[in-house]
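Summary of structural features
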Amino acid sequence: MKVTVCIGSSCHLKGSKQIIDTLQALVKEHKLEDKVELCGAFCMKNCVNGVSVTVGDKLFSVKPDTANEFFETEILGKL
Ligand code: FES
């Protein structure tokens, strides 16, 4: 599963780094390193709704405080 977090300037300001850190920690905690590939990407043209995160080709808007919930439903729940 490929999870891409936008690190464009707008999303960066909204906490994309924090989201990457949270997701990385959760992936490690659940030992999913070989199942979940975390990537960064530049602006996904969805700045107003950022932080933009894609799982496969589905686009989501995640906030630093919803990153845990996002991980559980969209990553853990879809494996
Ligand atoms: S900076 Fe993330 S969608 Fe534009």
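As a reminder, the structure under discussion sits directly above these lines.
The structure contained in this document is the topic of the report that follows. (Residues numbered from 1 in each chain as written. Predicted model: local features only at pLDDT ≥ 70, side-chain atom pairs only at ≥ 80, totals over all residues. Heavy atoms only, no water.)

**With respect to a nonpolar patch on the surface**
Here is the rule we go by: For patches, a residue must show more than 30% relative accessible area and have no salt bridge; joins then use 9 Å for like charges and 5 Å for nonpolar side chains, namely Val, Leu, Ile, Met, Phe, Trp and Tyr. Shrake-Rupley sampling with a 1.4 Å probe provides the accessible areas, and residues are treated as covered by the protein chains on show and by no other component. Here, a salt bridge means any side-chain nitrogen of Lys or Arg that lies within 4 Å of a carboxyl oxygen of Asp or Glu. Numbering of helices and strands runs from the N terminus; a helix is a DSSP stretch of H or I covering at least four residues, while a strand is a stretch of E covering at least two. Using a 1.4 Å probe on the protein chains alone, a residue whose accessible area is under 20% of its type maximum counts as buried, one over 50% counts as exposed, and one in between counts as partly exposed.
Together, Met1, Leu76 and Leu79 give the surface a local cluster of nonpolar side chains, amounting to about 220 Å² of exposed area. By the element assignment, Leu76 lies in the segment after α3 (67-75). For Leu76, a relative accessible area of 31% puts it in the partly exposed group.

**Quick look at the packing of helix α2 (residues 16-29) against α3**
We apply this condition: Note on method: axes are straight lines fitted to C-alpha atoms, helices fitted across the in-contact stretch only, with angles between N-to-C directions ranging 0 to 180 degrees. The cut-offs work like this: below 35 degrees is roughly parallel, past 145 is roughly antiparallel, 65 to 115 is roughly perpendicular, and the gaps in between are oblique. When the near helix sits turned anticlockwise from the far one by under a right angle, the crossing is termed left-handed; a clockwise turn instead gives a right-handed crossing. Here, residues are in contact when the closest pair of their heavy atoms is within 4.5 Å.
Following both chains from N to C, one finds α2 and α3 inclined at 50°, their axes separated by 9 Å at the closest point. Here α3 runs oblique to α2, going by the angle between their axes. The crossing of α2 and α3 is right-handed. Contacts between α2 and α3 involve Ile19, Thr22, Leu23, Leu26 and Val27 on the former and, on the latter, Ala67, Asn68, Phe70, Phe71 and Ile75.

**As for the sheet that holds strand β2 (residues 37-41)**
Hydrogen bonding along the main chain pairs the strands of a sheet, whether they run parallel or antiparallel. In plain terms, the rule: At least two bridges found by DSSP between two strands are what make those strands a pair.
Spatially, the four strands line up as an open sheet ordered β2-β1-β3-β4, and their pairing is mixed. Of all the strands in the sheet, the pair left with one neighbour each is β2 and β4 (58-61). Ignoring strand direction, the axes of neighbouring strands in this sheet form an average angle of 25°. Strand direction decides the pairing type here: strand β1 (residues 2-6) and β2, joined by five bridges, are parallel. Bridge pairing links Val3 to Leu38 in β2.

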